[in-house]
Amino acid sequence: MDYTVRVLPSNTDIPIKEDQTLLSALKEAGFYVRSNCGGCASCGTCILSIKEGDNNLSEIAPLELKLLGNVFHLTKERLSCQTRVFGNVTVYISTHDEKKSES
């Protein structure tokens, strides 16, 4: 089953397959998301803000918890490489600016 990820601030909807990571879906759709470790949950650079649909996400795995801490309920931030989707979600990715990353 496919779901939709609404990407803010561009307000673009992209498809995501059930159990696909946010990082994978965003990159397939052409969005830039920093990821220095290639999705291994060791760098923490692929962090995103979840604006809606946090109940449609996978539980926080131990590796992700180690990097982010236990404050998701306050910050609504997740590692996109570790977060799998099981329903529609809205994410905010403006902190991932390819031009700033290149300088």
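Here the structure is shown first, and the text comes after it.
Residues numbered from 1 in each chain as written. Predicted model: local features only at pLDDT ≥ 70, side-chain atom pairs only at ≥ 80, totals over all residues. Heavy atoms only, no water.

Q: Tell me about the side chain of Thr-90, and please be specific about residues and values.
A: With respect to the helices and strands, the residue Thr-90 is situated in strand E5 (residues 89-92). On the accessibility criterion, Thr-90 (10% relative accessible area) is buried. Excluding residues within four positions of it along the chain, Thr-90 makes contact with Arg-6, Leu-8, Ser-49, Ile-50, Lys-51 and Glu-52. (Helix = DSSP H or I, 4+ residues; strand = E, 2+ residues; numbered from the N terminus. Buried < 20%, exposed > 50% of the residue type's maximum accessible area, 1.4 Å probe, protein only. Contact = heavy atoms within 4.5 Å.)

Q: Summarise the state of the cysteines; cite the residues concerned and give the values.
A: By definition, a disulfide is the covalent link that joins the sulfur atoms of two cysteine residues. Counted under the stated rule, the structure contains zero disulfides. Distance from the sulfur of Cys-81, which forms no disulfide, to the nearest cysteine sulfur (Cys-46) is 3.7 Å. (Disulfide = S-S within 2.5 Å.)

Q: For the sheet that holds strand E1 (residues 2-8), give the residues involved together with the corresponding values.
A: The strands making up a sheet associate through hydrogen bonds between their backbones, and the pairing can be parallel or antiparallel. With mixed pairing, five strands are arranged side by side in an open sheet as E2-E1-E5-E3-E4. The sheet is open, and its two borders are formed by strand E2 (12-17) and strand E4 (77-79), each paired with just one other strand. Taking each pair of neighbouring strands and ignoring which way they run, the sheet shows an average axis angle of 40°. Of the pairings in the sheet, the one linking E1 to E5 comprises four bridges and is parallel in character. Of the residues in E5, the one forming a bridge with Val-7 is Val-91. (Pairing = 2+ DSSP bridges. Axes fitted to C-alpha atoms, helices over the stretch in contact; angles between N-to-C directions.)

Q: Outline the environment of Ile-16, supporting the account with residue identities and numerical values.
A: By the secondary structure assignment, Ile-16 is in strand E2. Owing to a relative accessible area of 0%, Ile-16 belongs among the buried residues under this scheme. C-alpha of Ile-16 to C-alpha of Val-89: the two residues are 73 residues apart in sequence and 9.8 Å apart in space.

Q: Break down the side chain of Glu-64 for me, with residues and values.
A: When you line up the elements, Glu-64 lands in helix H2 (residues 62-68). When its relative accessible area of 0% is taken as the criterion, Glu-64 is described as buried. Side chain to side chain, Glu-64 and Arg-78 meet in a polar contact 2.7 Å long. Not counting residues up to four positions away in its chain, the partners in contact with Glu-64 are Gly-69, Arg-78, Leu-79, Gln-82 and Thr-83. (Polar contact = N/O pair within 3.5 Å; in protein donor to acceptor, adjacent residues only side chain to side chain.)

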